[in-house]
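Listed below are the residues making up each chain.
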Amino acid sequence: MERNNKDDGVILVTGGAGYIGSHTCVELAKSGYKLLVLDNLSNSSANVLPRIESITQQTITFVQGDIRHQETLEAIFRQYNISAVIHFAGLKTLNESVSQPMQYYDNNVSGTLTLCKVMAEFGCKTLIFSSSATVYDETSQQPIREDFPLAANNPYGRSKLIIEQILTDLHSADPAWSIALLRYFNPVGAHKSGLIGETSNAISSNLMPCLLQVALGKRDKLFIYGNDYTTRDGTGVRDYIHVTDLAKAHVKALQKSLESSDILTLNIGTGRGYSVLEMISTFEQVSGHKIPFEIVARRAKDLARCIADPSLAIQTLGWKAELDINRMCADSWHWQTHNPDGY
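Here is a short report on the structure shown in this document. (Residues numbered from 1 in each chain as written. Predicted model: local features only at pLDDT ≥ 70, side-chain atom pairs only at ≥ 80, totals over all residues. Heavy atoms only, no water.)

Points about the overall build of the chain
Step number 1: When you go through the chain residue by residue, the secondary structure sums to eleven helices and 14 strands.
Step number 2: Since a compact globule built from 343 residues should have a radius of gyration of about 20 Å, the 19 Å found for the chain is in line with a globular shape.
Step number 3: Based on the C-alpha atoms only, the size of the chain along its principal axes is roughly 60 × 40 × 40 Å.
Step number 4: Counting all 343 residues of the chain, 53% fall into the buried class.
Step number 5: By element, 48% of the accessible surface of the chain is carried by carbon and sulfur atoms, the whole surface being about 14400 Å².
Step number 6: Charged side chains in the chain number 31 positive and 36 negative. The centres of these two groups are separated by 3 Å. (Helix = DSSP H or I, 4+ residues; strand = E, 2+ residues; numbered from the N terminus. Rg over C-alpha atoms; globule rule 2.2 N^0.38 Å. Buried < 20%, exposed > 50% of the residue type's maximum accessible area, 1.4 Å probe, protein only. Areas by Shrake-Rupley, 256 points an atom, 1.4 Å probe, with all protein chains shown as cover. Lys, Arg positive; Asp, Glu negative; His and termini not counted. Charge placed at Lys NZ, Arg CZ, Asp CG, Glu CD.)

What about the sheet that holds strand β6 (residues 178-184)?
The strands making up a sheet associate through hydrogen bonds between their backbones, and the pairing can be parallel or antiparallel.
Step number 1: Pairing is parallel in the open sheet, where seven strands are placed in the order β3-β2-β1-β4-β5-β6-β11. Only two strands of the sheet have a single neighbouring strand rather than two, namely β3 (61-64) and β11 (263-268). Going across the sheet, the axis of each strand differs from the next one's by a mean of 15 degrees, ignoring polarity.
Step number 2: Note that β6 and β11 share six bridges and pair parallel. Paired with alanine 180 across the two strands is leucine 264, which belongs to β11.
Step number 3: Most of the contacts of helix α3 (residues 70-79) go to strand β2 (residues 34-39), to which it runs at about 170 degrees, and overall it touches β1 (10-14), β2, β3 and β4 (82-87). (Pairing = 2+ DSSP bridges. Axes fitted to C-alpha atoms, helices over the stretch in contact; angles between N-to-C directions. Contact = heavy atoms within 4.5 Å.)

Re the sheet that holds strand β9 (residues 237-238)
Step number 1: Pairing within the open sheet is mixed, and its three strands lie in the order β12-β9-β14. This sheet does not close on itself; its edge strands, each paired only once, are β12 (274-275) and β14 (305-306).
Step number 2: Examined bridge by bridge, β9 and β12 share two bridges and lie antiparallel to one another. Paired with valine 237 across the bridge in β12 is serine 275.

Points about the packing of helix α1 (residues 19-30) against helix α8 (residues 243-259)
Step number 1: Here α1 crosses α8 at 60 degrees, and the two axes come no closer than 8 Å. It follows that α1 is oblique to α8 by the angle criterion. You can see that α1 and α8 cross each other, and the crossing is right-handed. Side by side, α1 and α8 meet where Tyr19, Ile20, His23, Thr24, Glu27 and Leu28 of the first sit next to Val243, Thr244, Leu246, Ala247, Lys248, His250, Val251 and Leu254 of the second.
Step number 2: Of the residues that constitute the contact of α1 with α8, the class distribution is eight nonpolar, four polar and two charged. (Parallel < 35°, antiparallel > 145°, perpendicular 65-115°, else oblique. Left-handed = near helix turned anticlockwise from the far one by under 90°. Nonpolar A, V, L, I, M, F, W, Y, C, P; charged D, E, K, R; others polar.)

A few points about the side chain of aspartate 309
Step number 1: Take aspartate 309: it is sitting in the loop between β14 and α10 (311-317).
Step number 2: Of the buried charged residues, aspartate 309 lacks a salt bridge, with arginine 145 as the closest side chain of opposite charge at 5.3 Å.
Step number 3: A distance of 2.7 Å separates the side chain of aspartate 309 from the side chain of serine 311, its partner in a polar contact.
Step number 4: Aside from chain neighbours lying at most four places away, what touches aspartate 309 is Pro143, Ile144, Arg145, Glu146 and Asn267. (Salt bridge = Lys/Arg side-chain N within 4 Å of Asp/Glu carboxyl O. Polar contact = N/O pair within 3.5 Å; in protein donor to acceptor, adjacent residues only side chain to side chain.)

As for empty space enclosed by the protein
Step number 1: For the structure on display, the rule yields one cavity of 30 Å³ or more.
Step number 2: Forming the walls of the largest cavity are Tyr19, Val188, Gly189, Ala190, Glu198, Met208, Leu212, Ser332 and Trp335.
Step number 3: Among the elements of the structure, α7 (207-215) and α11 (325-338) are those that each provide at least two residues to the lining of the largest cavity.
Step number 4: The residue inventory of the lining of the largest cavity, partitioned by class, reads six nonpolar, two polar and one charged. (1 Å grid on protein atoms, 1.4 Å probe; cavity = no way out; pocket = protein on both sides within 12 Å on 5 of 7 lines; lining within 4 Å. Points joined across faces, edges and corners; volume = space filled by probe spheres on them.)

Here we look at the pairing of β3
Along any regular strand, the residues point their side chains to alternate faces of the sheet.
Step number 1: Pairing between β2 and β3: four bridges, direction parallel. For valine 37, the partnering residue across the bridge sits in β3 and is phenylalanine 62.

Some thoughts on the environment of glycine 90
Step number 1: Take glycine 90: it is sitting in the loop between β4 and α4 (94-99).
Step number 2: For glycine 90, a relative accessible area of 32% translates into the label partly exposed.
Step number 3: Sequence-wise, glycine 90 and asparagine 43 are 47 residues apart; in three dimensions their C-alpha atoms are separated by 9.4 Å.
Step number 4: Residues within four places of glycine 90 in sequence aside, it is in contact with Asn107 and Asn108.

A look at the side chain of asparagine 154
Step number 1: Counting through the fold element by element, asparagine 154 comes out in the loop between β5 (126-132) and α6 (155-173).
Step number 2: Within polar-contact distance, the side chain of asparagine 154 engages the backbone nitrogen of tyrosine 156 at 3.2 Å.
Step number 3: Excluding its chain neighbours within four sequence positions, the residues that come into contact with asparagine 154 are Leu94, Ser97 and Val98.

A few points about the pattern of salt bridges
Step number 1: Counted under the stated rule, the structure contains 13 salt bridges.
Step number 2: Residue glutamate 284 is joined to lysine 290 by a salt bridge in which the shortest nitrogen-to-oxygen separation is 3.8 Å.
Step number 3: Given a relative accessible area of 18%, glutamate 284 falls into the buried group.
Step number 4: Residues joined in a network through salt bridges with shared partners are Asp66, Arg68 and Asp106.

Quick notes on unusual backbone geometry
Step number 1: Here glutamine 142 and proline 143 are connected by a cis peptide whose omega angle stands at -5 degrees.
Step number 2: Of note, proline 143 is situated in the loop between β5 and α6.
Step number 3: Unlike most non-glycine residues, glutamine 57 shows phi in positive territory, near 60 degrees.
Step number 4: Along the chain, the position of glutamine 57 falls in the loop between α2 (48-56) and β3.
Step number 5: Within the chain, lysine 301 stands out as a residue other than glycine whose phi angle is a positive 70 degrees.
Step number 6: Classification of lysine 301 by relative accessible area gives exposed; the value is 54%.

Structure (structure tokens):
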């Protein structure tokens with residue numbers, strides 16, 4: 001069943017109805033790619049698909065299914081000429097992974113193994129993988145480079161690290177594979193149209209969703225976990241990246257991977273960090289809403305700062321994050337005010 005995976009075929013986007021997946025579908029469609037979205041809708045909504053089509057004026061083929069089901073994947077690969085896969089499908093809530101580790105390893109790791117098995121069966125060997133900065137060991141060295149020590153400290157991060165190792169071994173065994181491992185830092189924001197953005201069936205502990213819920217009156221106040229870190233104002237500092245910039249990095253990684261058989265490991269961030277208090281201040285300015293907050297104890301294993309060194313991605317892909325923190329906050333608020341209950 002071998003065939004040239006660099007033919008002008010369809011791009012399979014697993015988890016393409018999710019937050020980052022949907023924004024990447026927009027950028028892929030704008031770049032002229034034909035798309036097939038596979039999503040089990042466990043933490044997303046099919047309502048995002050007509051919105052992607054509205055933004056791009058292109059038809060998106062959708063299959064509701066699970067990457068763990070080999071028969072579903074084989075049926076898709078038989079029906080469509082798939083030239084590459086961008087793999088977002090996976091559970092992603094850190095706290096939930098601690099209480100349900102087996103679910104995370106089954107969904108994330110087993111699902112990826114099944115996906116790669118079917119890809120190999122049909123001679124499709126180009127894969128862009130959605131990884132995470134959680135694969136890095138806790139370090140005081142900043143910014144973080146791709147060659148820093150790896151040691152995830154929760155099941156979610158470990159599932160990403162295990163998959164990275166599997167894909168690295170796969171490429172070593174068969175150099176015909178072309179793989180990009182993209183380690184995201186902190187995606188926020190929404191498409192400028194306000195039509196698509198972040199919505200989740202899980203209770204989020206991430207800063208931006210919590211900010212939005214306080215501004216909408218769905219939460220009384222924001223909890224800040226620790227103000228005694230060795231940072232500018234004592235609160236944790238993170239590298240926030242606009243989801244549209246992150247999506248564009250996937251398009252660049254796909255273009256690069258279709259041109260050569262290699263394995264790339266790249267940080268996808270801005271290289272600049274913002275503290276919790278700085279994020280609150282910026283959000284208040286763009287939204288016009290005062291955000292009440294309470295300082296509480298640090299969370300276990302939270303780092304003082306986590307900032308990417310994105311220079312390798314800039315050099316390798318010719319990509320660079322362009323949208324600033326004001327746009328991140330403004331676009332998040334624009335999306336949420338037009339979609340207070342998500343999709």
